[in-house]
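# Structure assessment
Listed here are the chains, written in short residue letters.
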Amino acid sequence: MSEGINAALEFRNVDILFDRGNRRGAIEAALARLDAGETREEIGRALKVTVGVAGANLAVARGEISVLMGLSGSGKSTLLRAANRLNRPIRGEVRIGNGLAWLDIARCDDDTLRTLRKTRIAMVFQQFGLLPWRTVRDNVGFGLELRGMAPSIRRDIVAEKLELVGLANWADAHVHELSGGMQQRVGLARAFATDADILLMDEPFSALDPLIRRKLQDELLDLQKRLKKTILFVSHDIDEALKIGSRITIMREGRIVQTGTPDDIALRPVDDYVAEFIRHMNPLPTIVAAAVMRRFQDLPRRPDGMLDGGRIAIAPDAATATIADRALAIRPHGAWTQGALCVVPAQLSLGEIIALRQRSGLPVLVEVEGRLVGLCDDADILQALCGEARFRAG
Amino acid sequence: MAPEQWIAEHKIPVGAVMAAVVDVVRKHGLGVFDVITDSVGFCADGLTTLLLDLPPLLLVVAAMAGAWFLRRSVGLAALVALGLLFIINQGYWNETMATLSLILFSTVFCMAVGVPLGIACAHRPRLAQALQPLLDLMQTLPTFVYLIPTLILFGLGTVPGMISTIIFAVPAPIRMTQMGIARVPRSLIEAGEAFGATGRQILWKIELPAALPMIQAGLTQCIMLSLSMVVIAALVGAGGLGVPVVRALNTVQVDAGFESGFVIVLLAIMLDRVCRPKDSAS
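What counts and how
- Residues numbered from 1 in each chain as written.
- Chains lettered and ligands numbered in written order.
- Predicted model: local features only at pLDDT ≥ 70, side-chain atom pairs only at ≥ 80, totals over all residues.
- Helix = DSSP H or I, 4+ residues; strand = E, 2+ residues; numbered from the N terminus.
- Buried ≥ 20, exposed ≤ 12 C-beta atoms within 10 Å, placed from the backbone.
- Contact = placed C-beta atoms within 7 Å.
- Core = buried A, V, L, I, M, F, W, Y, C linked by C-beta atoms within 7 Å.
- Nonpolar A, V, L, I, M, F, W, Y, C, P; charged D, E, K, R; others polar.
- Pairing = 2+ DSSP bridges.
- Domains from an automatic or database assignment.
- Axes fitted to C-alpha atoms, helices over the stretch in contact; angles between N-to-C directions.
- Parallel < 35°, antiparallel > 145°, perpendicular 65-115°, else oblique.

## A closer look at the overall build of chain B
Of the regular secondary structure elements, chain B holds 14 helices and zero strands. In chain B, the order of α-helices and β-strands from amino to carboxyl end is α-α-α-α-α-α-α-α-α-α-α-α-α-α. In terms of overall dimensions, chain B has a C-alpha envelope of 70 × 60 × 40 Å along the principal axes. When each of the 282 residues of chain B is scored for burial, the buried share is 36%. Across chain B, contacts joining residues at least 24 apart in sequence account for 75% of those joining residues at least 6 apart.

## Quick notes on helix α13 (residues 242-251) of chain B
Taken as a whole, α13 of chain B has its buried residues at Gly242, Val243, Pro244 and Val245 of chain B. Positive phi shows up at Val252 of chain B, right after α13 of chain B, with a value of about 50°.

## Concerning the nonpolar core
Counting residues in hydrophobic clusters, the biggest one holds 150 residues, and the most contacted among them are Met69, Ala83, Ala189, Leu199, Leu200 and Leu232 of chain A. In terms of residue count, the dominant contributor to this core is helix α5 (residues 93-123) of chain B (13 residues). Not counting the four nearest positions on each side in its chain, Leu200 of chain A is found in contact with Leu80, Ala83, Asn84, Ile121, Met123 and Leu232 of chain A. Ile287, Leu341, Leu350 and Val366 of chain A belong to the second-largest nonpolar core, a separate cluster that totals 24 residues.

## What to know about the interface of chain A and chain B
Listed as interface residues are 15 residues of chain A and, on the opposing side, 13 residues of chain B. When contributions to the side of chain A that touches chain B are tallied by element, the ones reaching two or more residues are α4 (110-119) and α6 (142-146) of chain A. Looking at the side of chain A that touches chain B residue by residue, the classes come out as seven nonpolar, five polar and three charged.

## Considerations on the pairing of strand β9 (residues 247-252) of chain A
Residue and element names in this part refer to chain A. Of all the six residues making up β9, five are buried; the element is thus mostly covered by neighbouring parts of the structure. Two strands pair when backbone bridges link them, and strand β3 (residues 65-69) and β9 are joined in this way by four bridges, in the parallel orientation. In the strand pairing of β9, Met69 is matched with Ile250. As paired elements, β9 and strand β10 (residues 255-260) share five bridges and run antiparallel to each other. Across the sheet, residue Ile248 finds its bridge partner in β10, namely Gly260. Between β9 and the antiparallel strand that follows it, β10, lie two residues; Glu253 among them carries a positive phi value of about 50°.

## Some words on the environment of Phe33 of chain B
Residues and elements named next belong to chain B. When you line up the elements, Phe33 lands in helix α2 (residues 14-53). Counting along the chain gives 181 residues from Phe33 to Met214, while the straight-line C-alpha distance between them is 34 Å. Contacts of Phe33, omitting those with residues within four sequence positions, involve Leu153 and Phe154.

## A short note on the domain arrangement of chain A
Partitioning chain A into structural domains gives domain 1 (3-120 + 196-281) and domain 2 (289-391). For domain 1 of chain A and domain 2 of chain A, the distance between their C-alpha centroids amounts to 42 Å.

## Some words on the sheet that holds β3 of chain A
Residue and element names in this part refer to chain A. Strands sit in the order β6-β7-β8-β3-β9-β10 across an open sheet of six strands; the sheet is mixed. With one partner strand each, in any of the chains shown, β6 (121-124) and β10 form the two edges of the open sheet. Across the sheet, the mean angle separating the axes of adjacent strands is 20° when strand polarity is ignored. In this sheet, strand β8 (residues 230-235) lies alongside β3 in parallel orientation, the contact comprising five bridges. If you follow Val67 over to β8, its bridge partner there is Phe233.

## As for the pairing of strand β18 (residues 371-376) of chain A
All names here are of chain A. Note: strand β11 (residues 294-295) against β18, two bridges, orientation antiparallel. Across the sheet, Arg295 pairs through a bridge with Gly374, a residue of β18. Examined bridge by bridge, strand β17 (residues 364-368) and β18 share five bridges and lie antiparallel to one another. Along β18, the bridge assignment pairs Leu365 with Leu375. In this antiparallel pair of consecutive strands, β17 and β18, the connection spans two residues, and Glu369 shows a positive phi of 50°.

## Digging into the packing of helix α11 (residues 199-227) of chain B against helix α14 (residues 254-275) of chain B
All names here are of chain B. Running from amino to carboxyl end, α11 crosses α14 at an angle of 170°, the nearest separation of the two axes being 9 Å. Compared by their axis directions, α11 and α14 come out roughly antiparallel. Of the residues in α14, those touching α11 at Leu219, Thr220, Ile223, Met224 and Leu227 are Ile264, Leu267, Ala268, Leu271, Asp272 and Cys275. By residue class, the composition of the contact of α11 with α14 is nine nonpolar, one polar and one charged.

What follows is the structure, given as structure tokens:
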């Protein structure tokens, strides 16, 4: 596997099943039926066995944020929890590399597992999972305490991590005195404290209100630039996934449907299920000018040789433009001035295009490598918002 | 012959079986019970003697300081001091000390047995299921019923009273500990597991602190149940505040009955206020 060399964490053919009925042999029977291609509804009804994850293959490269996405019950959290064996796979491997060799988390002995959990893999929980009777300091130092580290050494590390998440002044506070956002920062600091290189985040921001959620997403991205952890992140929010994920994996009914970069997912969904997610995303920060614009090469020509852009006409060399017979200057890059068309880079987001269009009252021109290539007028913007333009760029 | 007559004539020997069991235990285990009687009696009576040897006012000051240290409440410290002074005033100091040492002993024993057993029950549902009917029996079987065999096995005195008290009080800490541990949120246990805690670390660093308010409630209940047994303990010869109550009952003395009754209530209130879990538990 070419990806395997850089992967920090790798799931190979992972099946996770839960026996609800405690009947002997139910798991084996369920596996046989799973291999025979039965759906998880059928297996669940016949054997009282829940198929959490089936046949999952995923490699998480060192230093990337890999997002698992799906509706509730799609198995994304179940798969994540296999990475530190809070859920134990029935079949398959969960491999973690130490630079020299692979270790199978699903099958290693308990001592090895505890060592991995203490030193390599940390976790952040949706409901924070903080110990309410402890101070912030003692919560952050929890993992180090479990390792048996002396309190005096612990104190310095804890102070450093609290500084990192901006809670240096709250070390002696109790958890319940903190807001939800601050509590999750404590959860982050606790995960950072063990200096684990792999971070499992199980919908860490879902319990927070939207403003705080966005703020923490930004903070996480900021921290990640410095810390370069390998992060496996579960989310049910497509906007969150597109924003923070360097790779996104979509899951459905326990199976992985598609894995790819945010662009792959947003622009080339493999099926209707994935497309349905994309339809519900917030387009303003995600869609870029390149996907919104009408290309000059697609514009019809007027009898006078100018390109017909509806309200404006553009000279074939794209050096000048006119609107209602009034000649307009073309000003490169964003800054809008009175009586000029503004030009934006192809990576500018739809939200910003709309803002420029609104302030200037004129269409927005798009350039790639110093060359004008297209324009965004009201019709193009509306079309992008409606979703039809989203799969056109590439 | 009417059917009910037939049923009545073929009596199942429930009572006879129990009597035989007690008899066998008595015959073969007499040495063991003598050792228990002697050692427990020696310790309990020794504690009572020690408490009585100290000057009462010194104990009042110590109790006040203890209440302040545990709860940081001036009102409670004052309540404890005034309550104990009232007991001295009414002339029930000696009986109160005897009751206190009996409660102390049975409570320490109940907690020492109850908390580990409660933890075991919380971790092993099978054990909890098996223990459930026994605990129900211990709490609902009328005390006088098991007073008879304890009397046979341990003779008259402090020890049978204490054994009956323990039988009656020990289900409370077992149940409360079990409930407390079982109610620890799954997410907290998982947080411990995710950071590599061993089973023992999870018990000591997560489960027990999380269950502490419930365990403390179990302690308070245990003390109250022990206290409610003082009169019955007095019937089998244990000293303490039950003795004047029994005497007042036998001689129909309203004044003595109320005096000792009030002292018991006062003791209960003081112990409850000092030991009950703090409100900020949730």
